[in-house]
Amino acid sequence: MTQLKDRDYRHVAQRILGIMQEQRQLRRTAIHCESIENLAEENTFYVFRTDTQTVLAKGIKGYEQAKNRANRFRQSMNLRWDQISFKAERKVPQKFGVSPNGRSFTNARGDTGRVDYANRFNRSKGSRFKGYTDSQGNYHDID
C-alpha cells in the first residue's frame, strides 16, 4: 500500500518539475525575443557575401529590412542561402579621457567634468598633477 502512495507522489513531483522546466524555457525564449526586438529597433545592419566577404549594402535600419534586403540580393544574384548573410554594424565607441583642449575629462561611463591641475610639477610623469571630481564629490587622479 505504501508503494502505491510513493508512486503517486513521484508522478506528481515529476509533473511539477516538468511544468517548471517548461516555464523556464518559455521565459528564456521570451527574453531572447525581446533582445532580438531591441536589436532590430536600435541597430543598423549590413549585407555581405559569405564566400567572398564582400559587403553588398550598408546602413540598413531594422532587422526585418535587412532580412528582406538580403533575400532580394540572394534572388537577384542567384545565390544559395548560405552564400549571403547580414550582421549588425558595430557602434563607434565613445572616446574618453582628457579633451584636446585639456579643460574637460570624460570617463568610461560618459560623465564629463572639469580637469583640475595642481601647482606642483610631477617629475616622474613629466607633467603637473591632474584629476577631476565626480558628481558624488570623489576625486579621481588622471594619468
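None of these values were measured; they are calculated from a predicted model.

Each value, and the rule that gives it
Residues numbered from 1 in each chain as written. Predicted model: local features only at pLDDT ≥ 70, side-chain atom pairs only at ≥ 80, totals over all residues. Heavy atoms only, no water. Phe/Tyr/Trp six-rings, centres within 6.5 Å; stacked < 30°, edge-to-face > 60°. Helix = DSSP H or I, 4+ residues; strand = E, 2+ residues; numbered from the N terminus. Buried < 20%, exposed > 50% of the residue type's maximum accessible area, 1.4 Å probe, protein only. Lys NZ or Arg CZ within 6 Å of the ring centre and 35° of its normal. Salt bridge = Lys/Arg side-chain N within 4 Å of Asp/Glu carboxyl O. Core = buried A, V, L, I, M, F, W, Y, C linked by side-chain atoms within 4.5 Å. Contact = heavy atoms within 4.5 Å. Pairing = 2+ DSSP bridges.

A. Spotlight on the packing of aromatic side chains. Inspection of every chain in the model, using the stated rule, returns 4 aromatic pairs. Taken together, a centroid distance of 6.2 Å and an interplanar angle of 70° make the contact between phenylalanine 45 and tyrosine 63 edge-to-face. On the criterion of sequence distance, the pair formed by phenylalanine 45 in strand 1 (residues 44-49) and tyrosine 63 in helix 2 (residues 63-76) is long-range, its members being 18 residues apart. Look at phenylalanine 45 and you get buried, because its relative accessible area is 3%. Both rings, one in phenylalanine 45 and one in phenylalanine 86, keep their centres 6.1 Å apart while their planes meet at 75°; by these two values the pair is edge-to-face. Taken together, the positions of phenylalanine 45 in strand 1 and phenylalanine 86 in strand 3 (residues 84-88) put the pair 41 residues apart, joining distant regions of the chain. A network of ring pairs unites the aromatic residues Phe45, Tyr63 and Phe86 as a single cluster. Arginine 74 extends its terminal NZ or CZ atom over the ring of tryptophan 81, reaching a point 3.7 Å from the ring centre.

B. Layout of the pattern of salt bridges. Tallied over the entire structure, the rule returns 3 salt bridges. For lysine 67, the salt bridge goes to glutamate 64, with nearest N and O atoms at 3.6 Å. One end of the pair is lysine 67 and the other is glutamate 64, both in helix 2 and 3 residues apart, which spans about a single turn. For lysine 67, a relative accessible area of 37% translates into the label partly exposed. Taking the shortest distance from any N to any O, the salt bridge between aspartate 82 and arginine 80 comes out at 3.4 Å. By relative accessible area, arginine 80 is classed as exposed at 52%.

C. Highlighting the nonpolar core. Among the nonpolar cores identified, the biggest contains 9 residues, and these are Phe45, Val47, Ala57, Ile60, Ala66, Ala70, Phe73, Leu79 and Ile84. Look past the residues within four positions of alanine 70 in its chain and what remains in contact with it is Val47, Ile84 and Phe86.

D. View of the sheet that holds strand 5 (residues 104-106). Across the sheet, 5 strands lie side by side as 4-5-6-7-8; this open sheet has antiparallel pairing. The strands lining the two open edges of the sheet, one partner per strand, are strand 4 (97-98) and strand 8 (139-142). Here strand 7 (residues 127-133) runs beside strand 8; their pairing, made up of 4 bridges, is antiparallel. Opposite glycine 131, over in strand 8, you have aspartate 141 as the bridge partner.

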